[in-house]
Amino acid sequence: MKSINPATEEVIETHEEHDEATVDARLDAAWDRFESWRETPISRREKLLAAAADVLREHSEEYATLMTEEMGKPVEQAVSEVEKCAWVCDYYAEHASEFLQDEHIGTVPGSKTYVSYEPIGPVLAVMPWNFPFWQVFRFAAPHITAGNVAVLKHAPNVFGCADAIASVFERAGYPDDVFTSLRIPAERVAGVIEDDRVRGVSLTGSTRAGRAVAETSGRELKPTVLELGGSDPFVVLDDAPLEATAKRAARARTQNNGQSCIAAKRFLVHEAVYDEFVERFTEEMRALTVGDPTDPETDVGPQARADLMETLHEQVTASVEAGATLRLGGEPLDRPGHYYPPTVLTDVPEDAPARTEELFGPVATVIRVEDEAEAVRVANDTPYGLGASVWTADAERGEALTTKLTAGNVAVNHVVASDPRVPFSGTKDSGYGTELSRHGIREFVNTKTVWVE
Ligand code: NDP
């Protein structure tokens, strides 16, 4: 299993897959640790999480450099990602006990009735390469503080990040095996889910991977959280301030080299401002600096893997063949590394891949809509339901549209982003279950009713 630098195509490291005996030993150790970790007072678990936040901040350059090397994220964005991981650790270090305290409920006079939230055991996290630190911390910070232990199966191109994350917990002083990592390919995930020592599973990744994990965990009756793909609409109403909105649109599409589940992917623009928006937006996309992700001036680095860039290019080519107009980009750059330029497509037919599939790269589909009703229809005309944003000079008008958009996260005049304080979840093919906030920490707990008379 190889880690390949997507900017240079050089092999960074070759990792040996864990054999069955190693996986078995790690699951045993995880289960044994769970028995004592669940008894560790939550105040102690919170203190350790606060220490993990400090470790992340102290070593942010080191961890950011590793991410950039393994998956090509511009280094400034990688530093922000490490800082965000520290934030989620701080957040649950401050709030976990409040979110999980017993809830007393008045029932029969003289009886004591309450709900307690108890950990369930080792939880498997199947994670992708696009936010190799954030997605793991977003999972681990709440769930290990709730008293579960974490078993990570990371994407093979970021196994170095998986080791670095394990080092964060070690440096923070956690007991061994509260956080464990398995070096296994996707084909061996079902076997781990089926194992009695694993009590739940969380996956971030494609809808295809989500379905496979849901099938196994459904058969095994294990709770599952699925954070899958998206094709988020970015709705520009006729009163939106176009200069600022076009700038935000270009950033919303190209953050993380365009490889984000909640990146804006389809831009639905009111016909009254369509021409001007397309012009301004295309110029903003053209002005982005594409290049070496270790250079702090870079806006857009390489795509994380060769096959991902090839898929993206096939989607663009098929859309153009189906009748879309290519306004910008559209060809891989002729240089080493998997560089795909910011690309703008307009006039995309309804059944072309740029409208029906997730485009996981810096490619924007701009669609003309005649009014709000059509904007809503097109926004919801996707198998996905992750995020959506509305851009307007009238926040009330924007807010009125939020009830009509089928998505887990809807923003007005704000780029959709995850934030530890608010729930993050999808609907339809974007998955189910919630991450972050007080809701996220309750996904892998036994909600136990205690009734004493
Ligand atoms: P995958 O969904 O295939 O990979 C994400 C994680 O799931 C990896 O750890 C992967 O392991 C694992 N996985 C894949 N298939 C299975 C399976 N059948 N059973 C159990 N685990 C599985 O994403 P890719 O990296 O191949 O990217 C493909 C597309 O997925 C992207 O172009 C994008 O559209 C979408 N995607 C969405 C993400 C998001 O943030 N929502 C993140 C990443 C991708 P392994 O790598 O070993 O196969």
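Residues numbered from 1 in each chain as written. Predicted model: local features only at pLDDT ≥ 70, side-chain atom pairs only at ≥ 80, totals over all residues. Heavy atoms only, no water.

Asks: Can you tell me about the sheet that holds strand 4 (residues 112–119), naming the residues and giving the values?
Replies: Strand order across the open sheet formed by three strands is 3-4-22, with antiparallel pairing between neighbours. In this open sheet, the two edge strands, each paired with only one partner strand, are strand 3 (103–104) and strand 22 (445–452). Two strands pair when backbone bridges link them, and strand 3 and strand 4 are joined in this way by two bridges, in the antiparallel orientation. Across the sheet, H104 pairs through a bridge with Y114, a residue of strand 4. (Pairing = 2+ DSSP bridges. Helix = DSSP H or I, 4+ residues; strand = E, 2+ residues; numbered from the N terminus.)

Asks: So what's going on with the pairing of strand 10 (residues 232–236)? Which residues, and what values?
Replies: Burial analysis of strand 10 places five of its five residues in the buried class, the great majority of the element. Burial of strand 10 is two-sided: the residues D232, F234 and V236 facing one way and the residues P233 and V235 facing the other way are all buried. Examined bridge by bridge, strand 10 and strand 11 (residues 264–270) share five bridges and lie parallel to one another. Looking at the pairing, P233 lines up with R266 of strand 11. With helix 9 (residues 242–254) bridging strand 10 and the parallel strand 11, this β-α-β connection has right-handed handedness. Pairing geometry for strand 10 and strand 16 (residues 387–391), over three bridges, is parallel. When the bridges of strand 16 are listed, V235 appears paired with V390. (Buried < 20%, exposed > 50% of the residue type's maximum accessible area, 1.4 Å probe, protein only. Right-handed = clockwise from strand over helix to strand, strands pointing away.)

Asks: Before we move on, can you summarise the pairing of strand 2 (residues 11–14) with the specific residues and values?
Replies: Bridge count between strand 1 (residues 2–4) and strand 2: three bridges; the pairing is antiparallel. When the bridges of strand 2 are listed, I4 appears paired with V11. What sits between the antiparallel neighbours strand 1 and strand 2 is a turn of six residues, in which E9 has the positive phi angle 65°.

Asks: Explain the site of the ligand to me, and be specific about the residues and the numbers.
Replies: The immediate surroundings of the ligand are formed by 28 residues, with M127, W129, S206, L228 and E358 found nearest. Measuring from an oxygen atom of the ligand, one finds a side-chain N or O atom of N130 at 3.2 Å. G205 places a main-chain nitrogen or oxygen 3.4 Å from a nitrogen atom of the ligand. Calculation on the ligand without its partners gives an accessible area of 860 Å², and the protein chains cover 84% of this total. (Near = heavy atom within 4 Å. Polar contact = N/O pair within 3.5 Å; in protein donor to acceptor, adjacent residues only side chain to side chain. Areas by Shrake-Rupley, 256 points an atom, 1.4 Å probe, with all protein chains shown as cover.)

Asks: Tell me what's going on with the state of the cysteines, and back it up with residues and numbers.
Replies: On inspection of all chains with the given rule, the structure shows zero disulfides. Not part of a disulfide, C89 finds its nearest cysteine sulfur in C85, a span of 7.0 Å. (Disulfide = S-S within 2.5 Å.)

Asks: Account for unusual backbone geometry, with residues named and values stated.
Replies: Located in the positive-phi region is N257, a residue other than glycine, with phi close to 60°. Examined against the element boundaries, N257 turns out to sit in the loop between helix 9 and strand 11. Judged by relative accessible area, N257 falls into the buried class, the value being 0%. One non-glycine residue with positive phi stands out, namely S437, at about 65°. In this fold, S437 is placed in helix 15 (residues 437–440).

Asks: Explain the nonpolar core residue by residue, including any values.
Replies: The biggest cluster of nonpolar side chains holds 87 residues, and the ones touching the most others in it are L56, Y92, L124, F133, F137 and Y174. Considering each element in turn, this core owes the most residues, 13 residues, to helix 4 (residues 75–100). Once you skip the residues sitting within four places of it in the chain, Y92 turns out to touch E46, L49, F99, A141, P142, T145, L436, S437 and I441. Among the nonpolar cores identified, the runner-up in size contains 25 residues, and V236, A240, V344 and A364 belong to it. (Core = buried A, V, L, I, M, F, W, Y, C linked by side-chain atoms within 4.5 Å. Contact = heavy atoms within 4.5 Å.)

Asks: Which residues make up the sheet that holds strand 20 (residues 431–432), and what values do they have?
Replies: If you walk across this open sheet you meet the six strands as 7-6-5-8-9-20, and the pairing is mixed. A strand with exactly one partner marks an edge of an open sheet, and here the two such strands are strand 7 (179–181) and strand 20. One ladder, built from three bridges, connects strand 6 (residues 149–153) with strand 7; its direction is parallel. In the strand pairing of strand 7, L152 is matched with S181. Lying over the sheet, helix 5 (residues 134–145) contacts strand 5 (122–126), strand 6, strand 7, strand 8 (200–204) and strand 9 (224–227), oriented at roughly 160° with respect to strand 6. (Axes fitted to C-alpha atoms, helices over the stretch in contact; angles between N-to-C directions.)

Asks: Give a description of the packing of aromatic side chains that names residues and reports values.
Replies: Taken as a whole and assessed by the stated rule, the structure comprises 15 aromatic pairs. Consider the rings of W31 and F34, whose centres lie 5.5 Å apart with planes at 55°: the pair is tilted. Of this pair, W31 and F34 both sit in helix 1 (residues 20–37), separated by three residues, roughly a single helical turn. For W31, a relative accessible area of 26% translates into the label partly exposed. Overall, the relative accessible area of 2% leaves F34 in the buried class. Where F234 meets F267, the ring centres are 5.1 Å apart and the plane angle is 45°; that geometry is what we call tilted. Here F267 lies in strand 11 and F234 lies in strand 10, a separation of 33 residues in the sequence. Across the pair, F267 and F234 agree in class, each one buried. An aromatic cluster is present here, built from W37, Y63, F133, F137, F169, Y174 and F179 joined pairwise through their rings. The residue whose ring lies beneath R335 is Y339, and the NZ or CZ to ring-centre distance is 4.0 Å. Here the guanidinium or amino end of R442 rests over the ring plane of Y117, the centre of that ring lying 4.1 Å away. (Phe/Tyr/Trp six-rings, centres within 6.5 Å; stacked < 30°, edge-to-face > 60°. Lys NZ or Arg CZ within 6 Å of the ring centre and 35° of its normal.)

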